[in-house]
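Chain by chain, the residues:
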Amino acid sequence: MKTCIIACSMLQDELQRAMKETACTYPVTWLDAGLHNYPGKLCRTLQAALDQVTDCQRVLLCYGFCGNSIAGIHAGSRYVQQQHIGFSHHRPGTSRPLG
């Protein structure tokens, strides 16, 4: 099953680091981080990006919970999994993934 990723560009550093550490080579479509200010537009953009996926059966959505923007998304025959990447409050220069 071919997999691809649709992700928020705000998570680009973290996701690219994780992909490098795990030798993951899934193709990634980056969405503008500014969309989190407009949940309706983010939902429409996510749907449009998902609709453009024609060669993957599984799509990972990597972004934070921005205004419940995944509500109403239709995947068709594809399997879609949302990956929430959260970070706790931390000292500058450090990060600790939650969960």
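Residues numbered from 1 in each chain as written. Predicted model: local features only at pLDDT ≥ 70, side-chain atom pairs only at ≥ 80, totals over all residues. Heavy atoms only, no water.

Moving on to the overall build of the protein chain. Helix and strand counts for the protein chain stand at two helices and four strands. Listing each helix as α and each strand as β along the protein chain from the N terminus yields β-α-β-α-β-β. Of the contacts made within the protein chain by residues no fewer than 6 positions apart, 45% connect residues no fewer than 24 positions apart. Summed over all atoms, the accessible surface of the protein chain reaches about 6,500 Å², with 52% contributed by carbon and sulfur. (Helix = DSSP H or I, 4+ residues; strand = E, 2+ residues; numbered from the N terminus. Contact = heavy atoms within 4.5 Å. Areas by Shrake-Rupley, 256 points an atom, 1.4 Å probe, with all protein chains shown as cover.)

Considering the arrangement of structural elements, one finds Gln47 in helix H2 (residues 39-52). Residues contacting Gln47, with those up to four places away along its chain left out, are Gly72, Ile73 and His74.

Residues with a pLDDT of 70 or more make up 73% of the protein chain, whose mean pLDDT is 77. Counted against residues more than four places away or in other chains, residues 84-99, with its pLDDT under 50, gives 17 contacts. (pLDDT = per-residue confidence, 0-100.)

This paragraph deals with the pairing of strand E3 (residues 58-62). Counting buried positions along E3 gives four out of five residues, so the element sits mostly inside the fold. Looking at chain direction, strand E1 (residues 3-8) and E3 are connected through five bridges and run parallel. Along E3, the bridge assignment pairs Ile5 with Leu60. (Buried < 20%, exposed > 50% of the residue type's maximum accessible area, 1.4 Å probe, protein only. Pairing = 2+ DSSP bridges.)

Let us now look at the side chain of Thr3. As for its position among the elements, Thr3 is in strand E1. Residue Thr3 is classed as buried on the basis of its relative accessible area of 4%. At 2.7 Å, the side chain of Thr3 forms a polar contact with the side chain of Arg58. Sequence-distant contacts of Thr3, that is, excluding residues within four places in its chain, are made with Tyr26, Pro27, Cys56, Arg58 and Leu60. (Polar contact = N/O pair within 3.5 Å; in protein donor to acceptor, adjacent residues only side chain to side chain.)

Checked against the element boundaries, Leu31 lands in strand E2 (residues 28-31). C-alpha of Leu31 to C-alpha of Cys62: the two residues are 31 residues apart in sequence and 10.0 Å apart in space.

Here the focus is unusual backbone geometry. You will see that Ala23, though not glycine, has its phi angle at about 55°, which is positive. Counting through the fold element by element, Ala23 comes out in the loop between helix H1 (12-21) and E2.

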